Amino acid sequence: MRLLFDIDETSQEDPGDDGFFEDVQEAIVRLAAEREEAGGRPVNEFAVAVALEYRHQGTEDGRLALWRTEHVRALLREWFPRKVTLLPDDEELSDERVDAPGAVCALVGFLDAAGILDPRSDSPQALYEAAAAERAGWRQDMFDPRFMGTAKFLMLSAAEQGVDVRDEKALDSFLTLVRDGRSSLDQEQLAQIAQRQHMQELLGTDGPFAGAGPGNARGTGSLLRERTPVIAPVVLAPLDDLQEQARGSVLLKQLAQLVHEIGPSGRSLTKTGRLRIVDARELARRLDTAAGVPAEGAPARTTAPVHRAPRLPHLRGDNPDAARTADDLPCLSLLVAWATAARLIRVRKGRLVPVAKARKDVDDPAALAARAVRSLPELRERLLPHPSRKDGEGGLGEWSALFPRFADLVADLLAALYGMPVASPWPVLWATVRAAYLDDPFFGADDDNSVTQAEAHLRGIVGVLEDLGVVSVTRGRPDPDFSALVRSGALVPPGERKRQHALKRALLGTDVELLDLTPLGTHAVRELLLSLGRQSPAVGALRDEPAPLLLSVLLDEYDTDSARAELATWHGTTEQLLNAVQTIRLHSRRAAALQLLLDTLPDGPRFMTQARQDPELAPAALLAATNTGLLDVADLDQREVALLAAESLLTVRELGGDEELLRGARRPGDSSARGRQHGSAPLAQMIDLALASGHPDTAGLDGLRHIDLAPLSRQPGRPGRLRAVPARQQHRGRRGKGKRRRR
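Conventions and cut-offs
- Residues numbered from 1 in each chain as written.
- Predicted model: local features only at pLDDT ≥ 70, side-chain atom pairs only at ≥ 80, totals over all residues.
- Heavy atoms only, no water.
- Helix = DSSP H or I, 4+ residues; strand = E, 2+ residues; numbered from the N terminus.
- Buried < 20%, exposed > 50% of the residue type's maximum accessible area, 1.4 Å probe, protein only.
- Contact = heavy atoms within 4.5 Å.
- Areas by Shrake-Rupley, 256 points an atom, 1.4 Å probe, with all protein chains shown as cover.
- Pairing = 2+ DSSP bridges.
- Phe/Tyr/Trp six-rings, centres within 6.5 Å; stacked < 30°, edge-to-face > 60°.
- Lys NZ or Arg CZ within 6 Å of the ring centre and 35° of its normal.
- Arc of directions from axis to C-beta.
- Axes fitted to C-alpha atoms, helices over the stretch in contact; angles between N-to-C directions.
- Parallel < 35°, antiparallel > 145°, perpendicular 65-115°, else oblique.
- Left-handed = near helix turned anticlockwise from the far one by under 90°.

Novice: Can you help me understand the overall build of the chain in this one?
Specialist: Summing up its helical and strand segments, the chain has 33 helices and 8 strands in all. Across the 743 residues of the chain, 51% fall into the buried class. A fraction of 70% describes how many contacts in the chain between residues 6 or more apart in sequence connect residues 24 or more apart. Accessible surface computed for the chain: about 34,300 Å², of which carbon and sulfur atoms make up 50%.

Novice: I'm lost on the sheet that holds strand β4 (residues 351-354) in this one. Help?
Specialist: Strand pairing in a sheet takes place through backbone hydrogen bonds and is either antiparallel or parallel in direction. Read across the sheet, 3 strands follow the order β2-β4-β3 without closing on themselves; strand pairing throughout is antiparallel. Both edges of this open sheet fall to β2 (267-268) and β3 (345-348), since each of them pairs with a single strand only.

Novice: Is there a simple way to explain unusual backbone geometry in this structure?
Specialist: What you tend to see is this: most non-glycine residues have negative phi, and most peptide bonds are trans. For Arg343, which is not glycine, the phi dihedral falls at a positive 60 degrees. Note that Arg343 resides in the loop between α13 (330-341) and β3. For Arg343, a relative accessible area of 47% gives the class partly exposed. Positive phi, close to 55 degrees, is recorded for Lys349, a residue that is not glycine. Within the element layout of this structure, Lys349 appears in the loop between β3 and β4. On the accessibility criterion, Lys349 (74% relative accessible area) is exposed.

Novice: Mind showing me how you'd approach the side chain of Glu60 here?
Specialist: Mapped onto the secondary structure, Glu60 falls in the loop between α2 (45-57) and α3 (69-83). Discounting residues that sit within four places of it in the chain, Glu60 has contacts with Arg225, Glu226, Arg227, Thr228, Leu532, Gly533 and Arg534.

Novice: Looking at this structure, I do not really get the pairing of β3. What am I missing?
Specialist: The side chains of a regular strand alternate, residue by residue, between the two faces of the sheet. As defined by bridge partners, β3 adjoins β4 across 4 bridges and the pair is classed as antiparallel. Its bridge partner lying in β4, Val347 is registered against Leu352. In textbook terms, the turn of a hairpin is the stretch between consecutive antiparallel strands, and for β3 and β4 this stretch comprises 2 residues, one of which, Lys349, has a positive phi near 55 degrees.

Novice: Is there a simple way to think about the packing of aromatic side chains in this case?
Specialist: Two aromatic rings are characterised by how far apart their centres lie and by the angle between their planes. Inspection of the entire model under this criterion finds 3 aromatic pairs. Centroid distance Tyr54 to Trp67: 6.1 Å. Interplanar angle 50 degrees. Geometry classified as tilted. Of the two residues, Tyr54 sits in helix α2 while Trp67 sits in the loop between α2 and α3, which places them 13 residues apart along the sequence. Overall, the relative accessible area of 1% leaves Tyr54 in the buried class. With a centroid separation of 5.8 Å and 65 degrees between ring planes, the pair formed by Phe80 and Trp138 is classed as edge-to-face. Residue Phe80 is located in helix α3, and its partner Trp138 is located in helix α5 (residues 124-142); the two are separated by 58 residues in the primary sequence. As far as burial versus exposure is concerned, Phe80 and Trp138 are alike and both buried. Among the aromatic residues, those joined into a cluster by ring pairs are Tyr54, Trp67 and Trp79. The ring of Trp79 has Lys83 sitting right over it, with the charged end atom 4.9 Å from the ring centre. Sitting over the ring of Phe403, Arg380 keeps its end group 4.0 Å from the ring centre.

Novice: Could you clarify how one ought to interpret helix α12 (residues 277-287) in this entry?
Specialist: In an α-helix there are 3.6 residues to a turn, and that puts residues three or four apart on one side. Restricting attention to buried positions, one finds in α12 the residues Asp279, Ala280, Leu283, Ala284 and Leu287. Summarising the axial view, the buried residues of α12 lie within an arc of 130 degrees, below the 170-degree limit, and thus occupy one face. Those residues of α12 that are buried lie in contact with α11 (250-262), β2 and α13. Where α12 ends, the next residue or the one after it, Asp288, has phi of about 55 degrees, a positive value.

Novice: Honestly, the packing of helix α25 (residues 574-582) against helix α26 (residues 587-600) in this entry has me stumped. Any pointers?
Specialist: Packed helices, taken two at a time, are described by their axes: the angle between them and the distance between them. Their axes nearest at 9 Å, the elements α25 and α26 cross at an angle of 160 degrees. On the basis of the axis angle, α25 is roughly antiparallel to α26. Once α25 is placed against α26, the crossing between them reads as right-handed. Seen from α25, the contacting residues are Leu577, Val581 and Gln582; seen from α26, they are Arg590, Ala593, Leu594 and Leu597.

Here it is, written out as structure tokens:
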């Protein structure tokens, strides 16, 4: 059984399993609704489910329990208007009944009361206020054509024209009229919506062509983010080692020297914003931006270059003697653009001057490397070929198919290397990039020649990263796991057998190019991911964090080995960890927290003994200890057996409701841990034992007391539900009906 403590997609429990998310979603919706109903406040379960769906699909990290005010705004301004269709005559999902701001408050309230609201979240009060601030505008956004896709627009238009959208034939007839141009629908508006939706799908909701949306309409841009892959925690090298490695990078030396050569007084710029040719030639000579292969028409060098030049064709090296403008020195121009993007230098009153606040990082090689990697996504104009600009400024000729989404591509490439336990074969990385960026018919490569050129361009970018000292390239046999990934068909579109076979053959070689981040690269890429708001866990990063935050992150983002290493660096006490576990009210997550600490603390059994002595934690400690084999049920006294029975029942009911308890009681041949512990004891006897146990969760025991056991008297194998569907679950069934109308 999957546990509710795995409430985040970053969990080690099969994070890519959508079925897992649906199980967790259903459990959270049910528990949040029960809490609201117990307080006399009805909650729309459909809206709570949509909120969880947004956090699962429409955010970079997918953390269901982490909520900030920007998440509330994105959910109400964009996710609901885009994904949910409210029909004018729909009594079940009417404008009045789907209270999205109220659902956000109900969800946050439940997470906070259960002790599972991520400590990195904003305060519940701030989240409630954010929801209240959106209440006035979200209903209008739900019906604004600018904020919806084509399916929702057509559905609403059909309903407004009197079409019964539940009648498939009637709806098909309406769509036929629209296709034939014989309806009163605004065809121009429909075309705009379709084009905007297509651009959003191509470039992501935060891309430059995201189009109109509630965020854009209010001057903030799209608030939604594309989901990013899960990244395993990494171990960062000591700072002294990073500094030593960074000192060996010629590109980092050139960036630092450029800032020093510009000097405190700066260098004058021309009216077009370029360095004067005299200054440009001087800087090119001082920085030694010439390469082994001379530019066309330049005299050949008689000495070997001191470092390998970037492999991009247009960065073959500078020839200061032949240059007429600064644009004729592309390597110097790249360094100037890079230093500007890294905020090391800036333009002030017609002069290029150093940035005073960056002076410390200029002389710190590791910090300079982090700045250089963070600014790399801004350098596509200097790194990739693109058409000449109309104003005569230096273009580089043909288009690169990587040009449109260069920033995302660089971040994705480095994120793919970050945290990888083995080196990544170049054929796999290229196949991934090609599938994600080049197979699209709109912005992708339109012929084999474009694909070949794009691969050369990306390899050139890797060459720049290699010269920067953040990527190492070796040759050897790829790890066998990559061949399994290729066989799964995830890297090549269906039907592309030739590409599939070529990739398989490439991975069988013993001289394959293998890419890996250097220790300096791991440090720098982590800074890039953090600047982008992406997940980038590193062992030791939590050493000074409070126990609740530490425990939350370890449960949701760390595997056992990484958690053990993190705890070894943490500056806290076991008493603080016990107090953090006490704040967790959800039975399944509390037991999971204790089990994790049992497995990862240097003296886990002693810690578990302390937990068993705490009246509040004893039931969860017994469950965790018996599940891991630390304790045997036969060694427990009667009171502990009763507490264990109560905790087991409360956990099962928490995860699956009354129906799961009844289903488990009727399941023949139960071989689960619960079945081994309690044999064939009837559910009624177990409930009686739990009620007399003295378990501290009195509300949970009261729920057990009111379970209807009548369905257990039905004949085994009889078709149908185990019990009558309560009114709340009937409403949840309607929620599924609403889901089918979401677009």
